[in-house]
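# Summary of the model geometry
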Amino acid sequence: MLPEDKENNLAIEVKSLTKKFNDFTAVNNISFSVDKAEIFAFLGPNGAGKSTTIKILTTLLKPTEGKIRINGFDPVKEQDRVRKSFGIVFQDPSLDDELTAYENMDFHGVLYNLDGDLRKKRIEELLKIVELWDKKDLLVKTFSGGMKRRLEIARGLLHHPKVFFLDEPTLGLDPQTRNQMWSYIVDLNKKEGITVFFTTHYMGEAEKIARRIAIIDHGTIIKLGTAEELKKSTGTNSLEEAFLQLTGHKIREEHSSPLDKMRQRRRMFHR
Amino acid sequence: MKAIYILWLRQIKRYLRSRSRLIGSLGQPILFLVALGFGFGPIYKRAGGGNYINFLAPGIIAQGVLFTAIFSGIELIWDRQFGFLKETLVAPVSRFEIMLGKTLGGATIAAMQGIIIFFLSLLVGFRPANIIMLPLAFLFMFVVALFFTGVGTAIASTLEDFHGFQMIMNFLVMPLFFLSGALFPLNDLPKLIDTLSRLNPLTYGVDGLRASLVGISHFGFAVDMAVLSILSLAILSIGSYLFSKIQI
């Protein structure tokens, strides 16, 4: 525990982080930091280690090695303080379909120990921001993909997190919804100074939204900098070209886990 | 405490909202009650056993509780696959509280299911011996429910998907039911069946229910309650250990 960490200006600090699953190294000795109120993007092909890193930062997985601070707290030793200080939108939907939008929010508020009146006020405020207040009593299973995402964003912000993690938040959303979603988040970042850490496949999104971008592949960070810097250092004209030059053109085969199969089946059912 | 309550409440709301599941899960116990009850009734009577429906009903109630409890526990796989579990795991709440809330919710549902089957069995002709003992019978339903929801949760904590599910049905749930004395009296059984049923936790649930509902008992309800309570505590400890090991 380094006392100076709490006073400095970093929302996320990662030093020599490694995560191994048996023989497989998912994340290999990465270091980076994110300033308070910064918007930071992780860009990488499938299986690059993006989601694993997010899981470690958000206490879902334990690192094999390395030192991490989230808002000055250690996710391994100070789990609850870390958990209170961030909000997250997961890659897969994580709402309870059998509950209403309001109940999903309320459930979250109780888990994060928000008091009754404050909770009600905050839920109303957020549901109004994401334009779901008039649908608050509908079961989530009647919602479209975009509505679910908006609800998840509102839910992730309910407990006033200082850092907001978004793991491929725009996957499968149409451009309109994506645009609208980012405008909420950028707005929030400007008004409340919330730090945003997101992963994505969409170059345009990273370039437009993030102040700095880390390109990650095979578990290591290949390049880190602003979009301009990345383009300049690779001598390319677009972020996409820079990305392909850094990570190669080969298509990545990801091993299909039971989870992926379930995901596919679920998508089939929901179409 | 609040976290446990809200997790419990979530289970109850889901249960009350899925009418089809509620009604569907009553089909099997009713079939058993009617087919076995009326089918074996005459032979059972001729053999000097008395009213078979009265003997069978506590067993079928226990069966309904068993099935619902195991399923409620196993539903954890669903939460895990479809992401909702992650939402609870990143919350500032201990894993033990999450496990306990979910298990208590599942157990409450299973006990409610038992109570519904009890009322349905009245329609088929079941008559409890002593109304005053009903609260004790409900308590037994809850303890049986708690134990088997714990079993379901513990198993689900170690499974990643539903592939093992059929195996659990065939090699765990069905044998538990058939070897519990739910369908036949435990007297004068062949040695093997006798031993197996004594090792079967559900046996004590069936026996306790029969003791409180119709006043017939093999072990006595104090023994039944003691066995089930100890086993429930044990399975909750095992379950919370396994649950704490879940990696997403």
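Residues numbered from 1 in each chain as written. Chains lettered and ligands numbered in written order. Predicted model: local features only at pLDDT ≥ 70, side-chain atom pairs only at ≥ 80, totals over all residues.

## Details of the overall build of chain B
Along its length, chain B carries 10 helices and 0 strands. Across chain B, helices and strands are ordered from the amino to the carboxyl terminus as α-α-α-α-α-α-α-α-α-α. Relative to the globule expectation of 18 Å for 248 residues, the C-alpha radius of gyration of chain B, 18 Å, shows essentially globular dimensions. In terms of overall dimensions, chain B has a C-alpha envelope of 60 × 40 × 35 Å along the principal axes. Counting only residues that meet the buried cut, chain B has 49% of its 248 residues in that class. For chain B, contacts bridging at least 24 residues in sequence account for 82% of all contacts bridging at least 6. (Helix = DSSP H or I, 4+ residues; strand = E, 2+ residues; numbered from the N terminus. Rg over C-alpha atoms; globule rule 2.2 N^0.38 Å. Buried ≥ 20, exposed ≤ 12 C-beta atoms within 10 Å, placed from the backbone. Contact = placed C-beta atoms within 7 Å.)

## Regarding the nonpolar core
Formed by 143 residues in total, the largest nonpolar core has its most connected members in Ala154 of chain A together with Val65, Leu66, Val144 and Ala145 of chain B. No other element matches the 17 residues that helix H3 (residues 52–81) of chain B contributes to this core. (Core = buried A, V, L, I, M, F, W, Y, C linked by C-beta atoms within 7 Å.)

## A closer look at unusual backbone geometry
All names here are of chain A. Although it is not a glycine, Asn71 adopts a positive phi angle of roughly 50°. In this fold, Asn71 is placed in the loop between strand E4 (65–70) and helix H3 (79–85). Even without being glycine, Glu168 reaches a positive phi, approximately 45°.

## Quick word on the environment of Leu56 of chain B
Residues and elements named next belong to chain B. Tracing the sequence through the fold places Leu56 in helix H3. With 28 residues separating them in the primary sequence, Leu56 and Gln28 have C-alpha atoms 14 Å apart. Discounting residues that sit within four places of it in the chain, Leu56 has contacts with Leu33, Leu36, Gly37 and Leu183.

## Section: helix H5 (residues 116–129) of chain A
All names here are of chain A. Taking 1.5 Å per residue as the helical rise, H5 with its 14 residues ought to reach 20 Å, and the 20 Å between its terminal C-alpha atoms agrees with that figure. Of all the residues in H5, the buried ones are Ile123, Leu126 and Leu127. Considered in projection along H5, the buried side chains sweep an arc of 95° and stay on one side of the axis. Pointing more than 90 degrees away from the buried face of H5 are the exposed residues Asp117, Leu118 and Lys121. Packing partners of the buried residues in H5 comprise helix H4 (101–111) and helix H6 (145–157). Two residues or fewer past H5, Glu131 is found with a positive phi of approximately 60°. (Expected span 1.5 Å × (residues − 1). Arc of directions from axis to C-beta.)

## Concerning the sheet that holds E4 of chain A
Pairing between the strands of a sheet comes from backbone hydrogen bonds, and it takes one of two forms, parallel or antiparallel. Residues and elements named next belong to chain A. Pairing is antiparallel across the open sheet formed by 3 strands, whose spatial order is E2-E1-E4. Whereas interior strands pair on both sides, the edge strands pair on one side only; in this sheet they are strand E2 (24–35) and E4. The average angle at which neighbouring strand axes cross in this sheet is 15°, direction not considered. Bridge analysis of strand E1 (residues 10–21) against E2 gives 8 bridges, and the strand direction is antiparallel. (Pairing = 2+ DSSP bridges. Axes fitted to C-alpha atoms, helices over the stretch in contact; angles between N-to-C directions.)

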